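Chains, contacts and geometry: an overview
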Amino acid sequence: MTIAYCTNDAIKKNVDNIRQAINAGPNKHKAYDKLAYIVDTFGPRMWASPSMALAVDYLYNQIQNWEATKNGLVEVRLEKLDEISTWVRGSEQLILKSPRKRPQKLGMIGLGLIVPGNIKDGEVVVVRNWGELDEKGKANKIQGKIVCYNVPWTTYDDLKFYRQQGPDRASAYGAIAVLLRSVASFSIYSPHTGNVRYSGNFTKIPAAAITVEDAEMLQRMQDRGQKITVDLELNNEMKASESHNIIAEIKGSQHPEQIILMGGHFDSWDTGSQTGAMDDGAGTLVTLEALKVVADLGIRPLRTLRWIAWSGEEMGLPNNGAQHYVKKHGDEDHVVALENDVGQLTAIGFGFSGKLQTSRMVRQLIMNYIPDLSVVNENDGSGVDTKPLGDKGVPLMRNIYKDPNDDYYFKYHHSAGDTMNILNPDEMDSNVFAISSMMYIIADNPERLPK
């Protein structure tokens, strides 16, 4: 038996103190309260927008004013990204012309990174899957028309490709635009946005998300043989801009070169007045509070405990925060990297991606110190922002909860329903504890995780 599998009394005591500070001490509900201030004060944080820049400056200044930062335990910095261009939304509307007797404005939102478009009296063809698209396309029923993808919910991983690839695949058959049934597990007339990925092999066409309810309405109209026409207006532009990652860390006492990384992305979409509360303001503030708990207790672990607020995850454009980080820090010795970006229900454990030997050690550390978080899902630790590190061999982790298809998360994902109301302070604290304790244990365990 190696030292990694023995319980360390000092680590156990610190974990107990972390739990106490979050459950009944000075850190109780702090992640929720701090997030609520940011959401209420700055609103949505589109990448490189003025509101995001203000929120970044605010959060950076808050960390600078921590007592642990003033006394030198925590170091914080802004890292400016290389030259970037960001997508800026303009005016948008969708009007149903026929078969309505009078024009009716429908709920919609343009998908991210789309080209602009202005279509009058465009005829709509509804399809339920790729097979129907191909069938109608080969029969020349799509040329010059707007394709509406009305694909029922299964899982996000199944349906995201209709948003990302749908415009290209419709354009291949001569479509002039796309309407997408929102990728959502539930709807109360709420369109959900997200980005499009043009391949460059087909004419770029505009695309918008519509509500689940209106997609089903258009399906019924088509099924009864009614002709569907709409006016679609989508204005937007690409602009040169700038943005920053925020990094804060406690340098390791014995192995400062060994880095335990945790964080979330601080940018969001812009569908509502609070969009970005859950995705991923909550992930960012939960992981930040996980660092602050350790700092407030005056703990300096053996290895460096680093937090990051990544910039630009939602659009996924070149030189975003994840790409900048791996270019600047990818050759550093990362022991593990955790991304918190799939909601904040009550934590039950972790997803893990890495070697079996490393996974076994993580499981043993959990059983030694935090057995109430004993669920470990193999090959389930990767996140959008941590994947570039995983590609370099870094073990990856994420927090998980009892919702295997993430149905709760995708009720509100990228929609106006992403607000503070769908977050619970106690559930957020359960994730603060899970992440703070797990990352601290890995940082302070005498034996490092295997590479």
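The shown structure was predicted, so the numbers you read here are calculated from the model rather than taken from an experiment.

Cut-off values and rules
- Numbers given for residues are sequential positions, taken from 1 along each chain in its written order.
- Confidence filtering applies because this is a predicted model: local features only for residues at pLDDT of at least 70, side-chain atom pairs given and counted only at 80 or more, and all residues used for totals across whole chains, interfaces and linings.
- Remark: hydrogens and water are excluded; side-chain values derive from all non-hydrogen atoms of the structure.
- Note on definitions: salt bridges are taken to be side-chain nitrogens of Lys or Arg within 4 Å of carboxyl oxygens of Asp or Glu.
- Numbering goes from the N terminus for both helices and strands, where a helix is a DSSP run of H or I of at least four residues and a strand is a run of E of at least two.
- Burial classes: relative accessible area under 20% of the type maximum marks a residue as buried, over 50% as exposed, and values in between as partly exposed (1.4 Å probe, protein chains only).
- Only heavy atoms matter for contacts: two residues are in contact if any of them lie within 4.5 Å across the pair.
- UniProt positions are given in the numbering used here, feature names are shortened, and annotations may be inferred rather than shown by experiment.
- We treat two strands as partners when DSSP finds at least two bridges between them.
- The angle between two axes is taken between their N-to-C directions and runs from 0 to 180 degrees, where each axis is a line fitted to C-alpha atoms and a helix contributes only its stretch in contact.
- Small angles under 35 degrees read as roughly parallel and large ones over 145 as roughly antiparallel, with 65 to 115 read as roughly perpendicular and the rest as oblique.
- Take the far helix as your reference; a near helix turned counterclockwise from it by less than a right angle gives a left-handed crossing, and one turned clockwise gives a right-handed crossing.
- Each residue gets one of three labels, nonpolar for Ala, Val, Leu, Ile, Met, Phe, Trp, Tyr, Cys and Pro, charged for Asp, Glu, Lys and Arg, and polar for the others, Gly among them.

Moving on to the pattern of salt bridges. One side chain can pair with another of opposite charge once the charged atoms of both are near each other. Evaluation of the coordinates by the stated rule reveals 27 salt bridges. For Arg77, the salt bridge is made with Glu249, and the minimal N-O distance between the two is 3.4 Å. Separated by 172 residues along the polypeptide, Arg77 in strand β1 (residues 74-80) and Glu249 in strand β10 (residues 244-250) bring together distant segments of the chain. The class for Glu249 is buried, based on a relative accessible area of 1%. Close ionic contact of Asp134 with Arg169 constitutes a salt bridge, the shortest N to O distance being 3.9 Å. With Asp134 in helix α5 (residues 130-138) and Arg169 in helix α6 (residues 156-171), this pair connects stretches of sequence that are 35 residues apart.

Within the element layout of this structure, Val183 appears in the loop between β7 (177-181) and β8 (207-210). You can call Val183 buried: its relative accessible area is 7%. Remark: the alpha-carbon pair of Val183 and Asp296, spanning 113 residues in sequence, is separated by 41 Å. Once residues within four sequence positions are removed from consideration, Val183 is found in contact with Trp153, Tyr156, Leu159, His192 and Phe410.

Before going further, it helps to examine the UniProt feature "domain: Peptidase M28" (unreviewed entry) in the protein. UniProt feature "domain: Peptidase M28" (unreviewed entry): in the numbering of this structure it lies at residues 245-435. End-to-end, the C-alpha atoms of residues 245-435 are 20 Å apart, and along that stretch the chain is 34% helix and 26% strand.

On to the sheet that holds β1. Read from one edge to the other, the open sheet built from 8 strands follows the order β1-β10-β12-β11-β13-β16-β14-β15, with strand pairing classed as mixed. Edge strands, defined here as strands with exactly one partner in the open sheet, are β1 and β15 (375-378). When strand polarity is set aside, the average angle formed by the axes of neighbouring strands in this sheet is 25 degrees. Across the sheet, helix α8 (residues 277-296) touches β1, β10, β11 (255-265), β12 (303-310) and β13 (333-339), and the angle it forms with β11 is around 145 degrees.

The interhelical angle for the contact between helix α10 (residues 356-369) and helix α13 (residues 425-444), taken along N-to-C directions, is 110 degrees, at an axis separation of 11 Å. In terms of their interaxial angle, α10 and α13 are classed as roughly perpendicular. Taken as a pair, α10 and α13 cross one another with a handedness that is right-handed. Judged by residue contacts, Val362, Leu365, Ile366 and Tyr369 of α10 engage Met438, Ile441 and Ile442 from α13. In terms of residue class, the contact of α10 with α13 is made up of 7 nonpolar, no polar and no charged.

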